[in-house]
Amino acid sequence: MPKPFASSADLGDKQQTLEVLADGVYALTAEGDPNVGAIEGEDFLVCFEALATPVAAGEWLTRLRQHTGKPVRYLVLSHYHAVRVLGASAFDAEVIVAHDNTRRLVAERGKQDWESELGRMPRLFKEPESIPGLTWPTATFSDRFTIDLGGGRGEVVLRYCGRGHTEGDIIAWLPQQKILYGGDLVEAQAALYTGDAFHREWASGTLDAVAALGAETLVGGRGAVAYGRDAVDAAIDQTRHFLRVMMREVRAVQERGGTLKEAFEAVHGELEPRYGRWPIFEHCLPFNVSRLWDELSGIDRPYIWTAERDRQVWDQLQG
């Protein structure tokens, strides 16, 4: 029996949970759907991630407005993927911040990514006709971008830790509260999507830089909030383990002259016992292995995912 394509059959609503992580610091999680967050400044908000459509983002903002009515000054986008950015217009933000590379990726492949993700994850695109177009950052940076929250609230430090989930991922770090919004560089009890990744750099220097912050609370890209240093370290270690197992298995198949299909089966066999029941595992793995196969074959930057290519890879590996 063929598996339904990607997450196309995952149509049930997920229970959303709004958590107050510290005074004026919020996270919305939803059983493995993309996480979002918000941080209160003295008289403004910094929001982290935008969800897939303005309608979906508006529902998040309605919940947030039960806690604060401050206007959104900064909308921070951790990377370019459609489910993270296309709801941006709902925030009416003064500034939309992302990494320099993210702006380039929107220009290079934003339209194709939109079409791809809509096909893969239709449930996340609530009223897709509400999307006005691609989301363009209005401020970008290469290494570090600091936002003073005012009123003794400390600061938000946006940092580029290196290539990882994409070549433009950034994190949002609150040093005073030791709270980290990791985007999809770290997942807590959720499988990884690595179809646009740089696995070797992600599993080494990039995650080393994330771990060195010493966060005591972590909002990953998906999954539950990690509370306490041990839980944060476990999420980072889990992310690194997933990447390393993939690399080990794909490299072994390539070295013996095997096929992409054999590499997929080897990776699936090794990861499924630990991660198979976690959100998006079966959805993502064909795309993950295809990208990793290319990377280990010497192809530095990911091929662009189109709706047509998605189906071809899925049929080849999960069909």
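Residues numbered from 1 in each chain as written. Predicted model: local features only at pLDDT ≥ 70, side-chain atom pairs only at ≥ 80, totals over all residues. Heavy atoms only, no water.

**Q** Describe in detail the environment of V85, supporting the description with residues and values.
**A** Positionally, V85 belongs in helix 2 (residues 82–85). Spatially, the C-alpha atom of V85 lies 6.5 Å from that of E49, the residues being 36 residues apart in sequence. If we skip the residues at most four places from it in the chain, V85 touches A50, L51, L77, H79, Y80 and T135. (Helix = DSSP H or I, 4+ residues; strand = E, 2+ residues; numbered from the N terminus. Contact = heavy atoms within 4.5 Å.)

**Q** Describe the sheet that holds strand 8 (residues 144–148), and please don't skip the residues or the numbers.
**A** Read across the sheet, six strands follow the order 8-9-10-11-12-13 without closing on themselves; strand pairing throughout is mixed. Each edge of the sheet is formed by a strand with only one pairing partner; in this case those strands are strand 8 and strand 13 (226–227). As paired elements, strand 12 (residues 217–220) and strand 13 share two bridges and run antiparallel to each other. Residue pairing for strand 13: T217 is matched across the bridge by Y227. (Pairing = 2+ DSSP bridges.)

**Q** Tell me what's going on with the pairing of strand 2 (residues 25–30), and back it up with residues and numbers.
**A** Counted residue by residue, strand 2 has six buried out of six residues, so it is predominantly covered. Sheet topology note: the strand 1 (residues 17–22)/strand 2 ladder contains five bridges and is antiparallel. Paired with A22 across the bridge in strand 2 is V25. Here five bridges tie strand 2 to strand 3 (residues 33–40), and the two strands are oriented antiparallel to one another. Across the sheet, L28 pairs through a bridge with V36, a residue of strand 3. Between the end of strand 2 and the start of strand 3, which pair antiparallel, lie two residues, with E31 showing a positive phi angle near 50 degrees. (Buried < 20%, exposed > 50% of the residue type's maximum accessible area, 1.4 Å probe, protein only.)

**Q** Any details on the sheet that holds strand 5 (residues 72–76)? Residues and values, ideally.
**A** Pairing is mixed in the open sheet, where seven strands are placed in the order 1-2-3-4-5-6-7. Across the chains shown, the open sheet's two edge strands, defined by having one partner strand only, are strand 1 and strand 7 (139–141). Averaged over all pairs of adjacent strands, the angle between their axes in this sheet comes to 20 degrees, without regard to strand direction. Where strand 4 (residues 45–48) and strand 5 come together, four bridges link them in parallel fashion. Of the residues in strand 5, the one forming a bridge with C47 is L75. Together, strand 6 (95–99) and strand 7 form the strand contacts of helix 3 (residues 100–120), whose direction differs from that of strand 6 by roughly 95 degrees. (Axes fitted to C-alpha atoms, helices over the stretch in contact; angles between N-to-C directions.)

**Q** Break down helix 4 (residues 199–212) for me, citing the residues and quoting the values.
**A** Compared with the 20 Å implied by 1.5 Å per residue over 14 residues, the 19 Å span of helix 4 between its first and last C-alpha is a close match. Considering bend angle alone, the principal kink of helix 4 is centred on T206 and spans about 35 degrees. Of all the residues in helix 4, the buried ones are H199, W202, A203, T206, L207, A209 and V210. Against strand 9 (155–159), strand 11 (179–183), helix 5 (229–255) and helix 7 (281–296) lie the buried residues of helix 4. G214, located one to two residues past helix 4, shows a positive phi value of around 75 degrees. (Expected span 1.5 Å × (residues − 1). Bend = angle between axes of the 7 residues up to and from the residue.)

**Q** Residue-level account of the pairing of strand 11, with values.
**A** Counting buried positions along strand 11 yields five of five residues, so the element is predominantly enclosed. The pairing of strand 10 (residues 171–174) with strand 11 spans three bridges and is antiparallel. Among the inter-strand pairings, L174 is bridged to a residue of strand 11, identified as I179. Between strand 10 and strand 11, which follow one another and run antiparallel, lie four residues, and K178 among them has a positive phi close to 60 degrees. Pairing between strand 11 and strand 12: four bridges, direction parallel. Counted as the bridge partner of L180 is L218 from strand 12.

**Q** So what about the packing of aromatic side chains? Which residues, and what values?
**A** In this structure the tally under the stated criterion is 10 aromatic pairs. Aromatic pair F242 and Y275: ring centres 4.9 Å apart, planes at 65 degrees, arrangement edge-to-face. One end of the pair, F242, is in helix 5; the other, Y275, is in helix 6 (residues 260–275), and 33 residues separate them in sequence. An aromatic cluster of three or more residues is present, and its members are F5, F287, W305 and W314. The residue whose ring lies beneath R120 is F287, and the NZ or CZ to ring-centre distance is 3.8 Å. The lysine or arginine in question, R291, covers the ring of F198, its NZ or CZ lying 5.2 Å from the ring centre. (Phe/Tyr/Trp six-rings, centres within 6.5 Å; stacked < 30°, edge-to-face > 60°. Lys NZ or Arg CZ within 6 Å of the ring centre and 35° of its normal.)

Scope: geometric values only; no functional claims are made or implied.
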